[in-house]
Amino acid sequence: MGTYWSGIKTLFSEIDYLKNRIKELDFDYIEVIEHPASQAIDFTIKTTQLIKYSTPIAYGIKHLSEKEKKFYGTFFFHMFWTTQDDEHESYINTKKYTSNTSNDDLGWLKLDPEAYWKAFNYKTLELIVSDYEKINFNVIKKMYKLERSESKKQFEGNPNFNSSEYQKETEETFKDFITLSKNIVEIYKNCITEKKDLIIEFI
């Protein structure tokens, strides 16, 4: 059990009339999912894994330059990262890829903030995918390892601390971070190819 990151490909233009239904007592979000224009994407990830696999950017960002913090922080926030604290949010341009601060091209969150997490039209996704080509994972890896090395010092006095396991976890988490990034950008690319918009939800 648990909460999962998931998504629905759809056409905002065809489901837009449902924003009038969202305010009605008998509205059920299943109407969005079952609409003929909608289709569930073939990928889900448990929220706990999403948080774990995004730790390279969450922990490594502090060692980046100010310019890099803004670029990488903004990019991964719009991609999949759920920020950890106020300091992280200070690096993020919430309007870089969309016209509002809620990552909500559909515009329904102001009516029901629990309806979904983010909504991007395929034009927004094109901007995100374009920036994906500029991502230097080696830079993130270097900064993530630096942060892990600094954190390691806190545990080295503990007789139960296993240095090799700590190193192995660091390597595996970074690989999962890259895999997650690739999987999600492929979803975005697929939406662009099909000219479909995307609603991201936690189910």
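Residues numbered from 1 in each chain as written. Predicted model: local features only at pLDDT ≥ 70, side-chain atom pairs only at ≥ 80, totals over all residues. Heavy atoms only, no water.

(A) Broad picture of the environment of Thr-10. Note on placement: Thr-10 falls in strand β1 (residues 4-10). A sequence separation of 30 residues divides Thr-10 from Ala-40, and the C-alpha atoms of the two residues are 8.7 Å apart. In this structure, Thr-10 is in contact with Ile-15, Ala-37, Ser-38, Lys-196, Asp-197 and Ile-199, ignoring residues within four places of it in sequence. For Thr-10, the side chain forms a polar contact with the side chain of Ser-38, separated by 2.9 Å. (Helix = DSSP H or I, 4+ residues; strand = E, 2+ residues; numbered from the N terminus. Contact = heavy atoms within 4.5 Å. Polar contact = N/O pair within 3.5 Å; in protein donor to acceptor, adjacent residues only side chain to side chain.)

(B) Highlighting the packing of helix α9 (residues 137-155) against helix α10 (residues 163-194). Relative to each other, α9 and α10 sit at 150 degrees, their axes nearing to 11 Å. With respect to their mutual orientation, α9 and α10 come out roughly antiparallel. Of the two elements, α9 crosses α10, and the hand of that crossing is right-handed. Residues Phe-137, Ile-140, Lys-141, Tyr-144, Lys-145, Arg-148, Ser-151, Lys-152 and Phe-155 of α9 form the contact with α10, whose own contacting residues are Ser-163, Tyr-166, Gln-167, Glu-169, Thr-170, Glu-171, Thr-173, Phe-174, Phe-177, Ile-178 and Ser-181. Classifying every residue of the contact of α9 with α10 by side-chain character gives 8 nonpolar, 6 polar and 6 charged. (Axes fitted to C-alpha atoms, helices over the stretch in contact; angles between N-to-C directions. Parallel < 35°, antiparallel > 145°, perpendicular 65-115°, else oblique. Left-handed = near helix turned anticlockwise from the far one by under 90°. Nonpolar A, V, L, I, M, F, W, Y, C, P; charged D, E, K, R; others polar.)

(C) Examining the side chain of Lys-196 more closely. Checked against the element boundaries, Lys-196 lands in the loop between α10 and β5 (197-202). For the buried Lys-196, no salt bridge is present, and the opposite-charge side chain at shortest range is Glu-194, 4.7 Å distant. Within the structure, the side chain of Lys-196 is placed 3.4 Å from the backbone oxygen of Ala-37, a separation counted as a polar contact. (Buried < 20%, exposed > 50% of the residue type's maximum accessible area, 1.4 Å probe, protein only. Lys, Arg positive; Asp, Glu negative; His and termini not counted. Salt bridge = Lys/Arg side-chain N within 4 Å of Asp/Glu carboxyl O.)

(D) Expanded view of the nonpolar core. Trp-5, Tyr-72, Phe-76, Phe-80, Ile-135 and Tyr-188 are the most contacted members of the largest nonpolar core, which totals 44 residues. At 9 residues, α10 tops the list of elements feeding residues into this core. Ignoring sequence-local partners within four residues, the contact set of Tyr-188 consists of His-78, Met-79, Phe-120, Leu-125, Ile-128, Val-129, Leu-198 and Ile-200. In terms of nonpolar packing, the next biggest core, distinct from the first, is built from 15 residues, Ile-8, Phe-12, Val-32 and Ala-119 among them. (Core = buried A, V, L, I, M, F, W, Y, C linked by side-chain atoms within 4.5 Å.)

(E) Molecular detail of the pairing of β5. Buried residues dominate β5, accounting for 5 of its 6 residues. Pairing of β1 with β5 involves 6 bridges; the strand directions are antiparallel. Bridged to Gly-7 within β5 is Ile-200. Direction of pairing for strand β4 (residues 118-120) relative to β5: antiparallel, over a ladder of 3 bridges. In the sheet register, Ala-119 faces β5, and the bridge partner there is Ile-199. (Pairing = 2+ DSSP bridges.)

(F) How the structure looks around the pattern of salt bridges. Under the counting rule described, the total for this entry stands at 12 salt bridges. The shortest N-O distance in the salt bridge between Glu-24 and Arg-21 comes to 2.6 Å. Exposure remark for Arg-21: the relative accessible area of 18% places this residue in the buried category. The closest approach of N and O atoms between Asp-26 and Arg-21, which form a salt bridge, is 2.8 Å. Overall, Asp-26 belongs to the exposed group, its relative accessible area being 54%. Among the ionic contacts, a cluster of salt bridges with common partners joins Arg-21, Glu-24, Asp-26 and Glu-31.

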